[in-house]
Amino acid sequence: MVDVSQHELVPEHTVLDEEVLEGVLSEYDIDRTDLPKIKRTDPALPDEAEIGDVIKIVRNSRTTDQAVVYRLVVD
Amino acid sequence: MTETEFDVSDDVTAVVEDTQLPRRLKDRVYRTVEERDGVTVEQADEIAKAVETRYLDTRIDPLDPVGTVSAQSIGEPGTQLTMNTFHYAGVAEIDVTQGLPRLIELVDARKTPDTPTMSIFLEDEYATEREKAHEVVWKIEATKILALGDVSTNVADMRVVISLNEDTLAERMITPEEVAEIIEDHLGVQTVQQGATIEFGPEEPSYRDLLQLVEELRDITFKGIEEVSRVVIRREELDDGEEEFVLYTEGSAFGDVLSIEGVDASRTTCNNIHEIYRNLGVEAARETIIEETNNTLAEQGLDDVNVRHLMLVADIMTNRGEIESIGRHGISGSKQSVLARAAFEVTVNHLLNAAIHGEIDDLDGVTENVIVGKPIKLGTGDVDLRMGSTSR
C-alpha cells in the first residue's frame with residue numbers, strides 16, 4: 001500500500017495525550033464529543049489510534065501559517 | 001521561529017514578533033519595512049501596532065452568523081456562474097464540468113462527478129523521459145480491442161477475425177498470446193492465434209451469437225484501468241525552470257493509480273472528493289473541497305470570494321468524519337430541530353413524521369426561533385444584559 005501520510009493533501013495526524021487534551025478542552029470550554037470527528041477507518045489515521053482518542057492535526061493553513069485542529073476518533 | 005529571510009534589524013524583528021499577528025502578516029510587515037530603507041525601530045513598532053489593531057478589529061466577533069455570511073458571499077457571485085455544463089478547460093483538451101453545475105456537484109457531494117479526471121504527477125526518470133512517461137500511460141489508459149487492431153466478421157465461416165497491429169502491440173507492451181488469452185477468459189471461447197491474427201467463433205453457428213461476441217469483445221479492457229478512457233501527456237515547466245511530464249486523464253481510479261510504479265503518490269490528485277476521502281482520509285477530502293470550489297469560482301473570474309467561506313463549507317461537510325452533502329440528504333436533513341428541517345424542504349413529510357414519532361423541538365437553532373417569533377441566539381440576541389445594582 002501507498003504511504004498516505006506522504007501525500008501533500010494529508011496533514012500531520014498525531015494522537016493527543018490525555019493531559020494535553022484536558023488543557024485543550026478547558027481552553028475552549030467544550031466536551032470531547034463537541035470536536036469534529038474522524039472515522040476509525042480513515043486512511044490517514046495513525047495505526048495506534050483507537051476509538052475515543054483525540055487526534056491533533058496540524059494543517060498548512062491558507063489564512064495563517066499553521067492551523068491546529070482536533071478530531072475525535074469515532075466508529 | 002524568529003529566523004526571517006528579511007533584511008531587518010534584530011530590534012525590528014523583536015517588535016514585530018511581539019505582536020499577535022499571524023506569520024503571513026508578520027512577513028508582510030517585514031517586507032514593507034525592508035522596502036522602505038531607514039525605518040527606525042519606533043516607526044516599525046508603530047507600523048506593527050497599527051497592523052495588529054487592524055487585524056484584531058477585522059476578526060470575526062463571537063456570535064457572528066458566519067454561516068449566513070458565507071451563504072450570501074458564495075451565493076451572490078454564484079449568480080454569475082455559467083450554466084452550460086461543458087467547456088474545455090485550459091488544460092490538455094480534457095473536458096471538465098465547470099461553473100454552476102460543478103459547484104452544485106461539489107456541494108451535493110455527488111458520488112461520481114460528471115467528468116471525473118485525475119492529474120497524475122510522475123517521479124524521477126518517468127517525469128523526464130517521454131518513453132518512460134508513456135510506459136505509465138499504457139498502464140493507466142484502458143486499451144480496447146479497436147486500439148490494437150481491426151476486427152472483422154467472416155459470416156460464411158461464422159468467425160470473428162482480429163488482425164492485430166504489431167507496432168501498436170509492441171508499443172503498448174502486450175503480446176498476441178496475451179490478447180488471445182484475455183479473450184478466452186472473458187468470452188469463454190476457443191481462439192486460434194497465428195502471429196498477429198486471432199480467430200474465434202460461437203460454438204453453434206449462429207448469426208446472433210456472432211454479433212454478440214463482437215459486441216462483448218469491444219468492451220474488454222486488455223490493458224490499463226477500465227475507468228480511464230483517455231490519458232493526455234503534457235510537458236509542464238516547474239518553478240525552477242526544469243520540465244516534467246504530467247498526465248491528465250478522462251475518468252478516474254485514484255486508488256489504483258497511486259500504486260502504479262512511476263506515479264508520484266505524494267502529488268497526484270483527482271477531482272472526485274469521494275475517491276480522495278477513501279484513499280487519503282477526511283482531511284485530504286476537506287482540502288480538495290476547498291481547492292475544487294475555489295478553482296471553480298476562480299475559473300469564472302470570481303476569485304474574489306474569500307477562501308474562508310469555502311473553508312467553512314468544507315469544514316461543515318467533513319465535520320462528522322465523512323463527506324456529507326449540504327442539503328436535504330446531508331446537513332440540512334440531519335438537523336436536530338423538526339421545524340428547521342420542515343422549513344428547508346418537504347415540509348409536510350417532516351411535520352407528519354415528527355408528529356407520528358412525538359418529536360420535541362427544543363428551539364435551540366435559528367430557523368425554529370424565527371418561526372415561533374423569538375429572538376435568535378446570534379449576535380445581540382444571545383447576550384443577556386441586565387442593569388446591575390452596585391452595592392456601596
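Note that the structure is a prediction, hence the values are computed from the model and not measured. (Residues numbered from 1 in each chain as written. Chains lettered and ligands numbered in written order. Predicted model: local features only at pLDDT ≥ 70, side-chain atom pairs only at ≥ 80, totals over all residues. Heavy atoms only, no water.)

Asker: Mind showing me how you'd approach the overall build of chain B here?
Answerer: Helix and strand counts for chain B stand at 18 helices and 8 strands. For 392 residues, the compact-globule estimate of 2.2 N^0.38 gives 21 Å, and the C-alpha radius of gyration of chain B, at 30 Å, exceeds that figure by more than 25%. Along the first, second and third principal axes, the C-alpha set of chain B runs to 115 × 70 × 35 Å. Counting over 392 residues, chain B shows a buried share of 42%. Put simply, of all contacts in chain B between residues at least 6 apart along the chain, 58% involve residues at least 24 apart. Of the roughly 22500 Å² that chain B leaves accessible, carbon and sulfur atoms contribute 47%. Computed over 36 positive and 80 negative side-chain charges, the inter-centroid distance for chain B is 8 Å. (Helix = DSSP H or I, 4+ residues; strand = E, 2+ residues; numbered from the N terminus. Rg over C-alpha atoms; globule rule 2.2 N^0.38 Å. Buried < 20%, exposed > 50% of the residue type's maximum accessible area, 1.4 Å probe, protein only. Contact = heavy atoms within 4.5 Å. Areas by Shrake-Rupley, 256 points an atom, 1.4 Å probe, with all protein chains shown as cover. Lys, Arg positive; Asp, Glu negative; His and termini not counted. Charge placed at Lys NZ, Arg CZ, Asp CG, Glu CD.)

Asker: Could you clarify how one ought to interpret the packing of helix α5 (residues 99-107) of chain B against helix α14 (residues 282-299) of chain B in this entry?
Answerer: Between two packed helices, both the angle of their axes relative to each other and the distance between the axes serve to describe the pair. Residues and elements named next belong to chain B. Closest axis-to-axis distance for the α5/α14 pair is 9 Å, and the angle between their directions is 165°. With respect to each other, α5 and α14 are oriented roughly antiparallel. Considering how the two elements wind past one another, α5 and α14 form a crossing that is left-handed. Seen from α5, the contacting residues are Gly99, Arg102, Leu103 and Leu106; seen from α14, they are Glu292, Thr293, Thr296 and Leu297. (Axes fitted to C-alpha atoms, helices over the stretch in contact; angles between N-to-C directions. Parallel < 35°, antiparallel > 145°, perpendicular 65-115°, else oblique. Left-handed = near helix turned anticlockwise from the far one by under 90°.)

Asker: Before we go on, may I ask you to explain the interface of chain B and chain A in this structure?
Answerer: How big an interface is tends to be stated in terms of the accessible area lost upon association of its parts. Tallying the contact residues gives 35 residues for chain B and 24 residues for chain A. Taking both sides of the interface into account, the surface hidden between chain B and chain A amounts to around 2400 Å²; carbon and sulfur atoms contribute 56%. Considering only the side of chain B, the residues that lose the most area to chain A are B:Ser266, B:Leu280 and B:Glu283, jointly responsible for 25% of the buried surface there. On the surface where chain B and chain A come into contact, there are 6 salt bridges. The tally of links between chain B and chain A comes to 11 residue pairs in polar contact (both at pLDDT 80 or more). (Buried area = accessible area lost by both parts, 1.4 Å probe. Salt bridge = Lys/Arg side-chain N within 4 Å of Asp/Glu carboxyl O. Polar contact = N/O pair within 3.5 Å; in protein donor to acceptor, adjacent residues only side chain to side chain.)

Asker: Explain the environment of B:Arg267 here, please?
Answerer: Mapping B:Arg267 onto the fold places it in the loop between α12 (254-258) and β8 (269-270). In this structure, the C-alpha to C-alpha distance between B:Arg267 and B:Asp167, residues 100 residues apart in sequence, is 33 Å. Those residues in contact with B:Arg267 that sit more than four places away from it in its chain are A:His7, A:Glu8, B:Phe121, B:Leu122, B:Leu238 and B:Glu244. Of note is the side chain of B:Arg267, whose polar atom sits 2.8 Å from the side chain of B:Glu244.

Asker: When you look at the nonpolar core in this model, what are you seeing that I'm missing?
Answerer: Inside soluble globular proteins, nonpolar side chains tend to come together where they are buried. All names here are of chain B. Within the largest apolar cluster, 31 residues are counted, with the highest numbers of intra-cluster contacts made by Ile120, Leu122, Val136, Ile140, Leu247 and Leu280. Looking at which element gives the most residues to this core, the answer is helix α7 (residues 130-140), with 5 residues. In this structure leucine 122 touches Ala127, Ala133, Val136, Glu244, Phe245, Leu247, Gly262, Val263, Asp264 and Arg267, once residues within four positions along its chain are discounted. The next biggest cluster of nonpolar side chains, apart from the first, holds 27 residues, and it includes Leu302, Val305, Val307 and Ile323. (Core = buried A, V, L, I, M, F, W, Y, C linked by side-chain atoms within 4.5 Å.)

Asker: Please explain a nonpolar patch on the surface as it appears in this structure.
Answerer: Residues and elements named next belong to chain B. Taken together, the side chains of Leu63, Val383 and Leu385 make up a nonpolar region of the molecular surface, amounting to roughly 300 Å² of accessible area. Examined against the element boundaries, leucine 63 turns out to sit in the loop between α3 (41-58) and α4 (66-78). Judged by its relative accessible area of 31%, leucine 63 falls in the partly exposed class. (Patch = residues over 30% accessible without salt bridge, like charges linked within 9 Å, V, L, I, M, F, W, Y side chains within 5 Å.)

Asker: Which parts of the structure should I look at to understand the sheet that holds strand β1 (residues 12-15) of chain A?
Answerer: Reading across the sheet, the 4 strands line up as β1-β3-β4-β2 (chain A) and stay open at both edges, with mixed pairing between neighbours. Edge positions in the sheet fall to β1 and β2 (37-39) of chain A, since each of these pairs with one other strand and no more. Taken pair by pair, the neighbouring strands of this sheet meet at an average axis angle of 35°, ignoring direction. Pairing analysis gives 3 bridges linking β2(A) to strand β4 (residues 66-74) of chain A, with the strands arranged parallel. Pairing of A:Ile38 across the sheet is with A:Val73, part of β4(A). The sheet strands contacting α14(B) are β1, β2, β3 (54-60) and β4 of chain A, and the helix crosses β4(A) at an angle near 130°. (Pairing = 2+ DSSP bridges.)

Asker: Even after reading the chapter, I still don't get helix α15 (residues 307-317) of chain B, so can you show me in this structure?
Answerer: Residue and element names in this part refer to chain B. Among the residues making up α15, those that are buried are Val307, His309, Leu310, Met311, Val313, Ala314 and Met317. Looking at the packing, one finds that the buried side of α15 touches α4, α5 and α14. N-capping of α15 is provided by asparagine 306, with a side-chain oxygen placed 2.9 Å from the backbone N of arginine 308.

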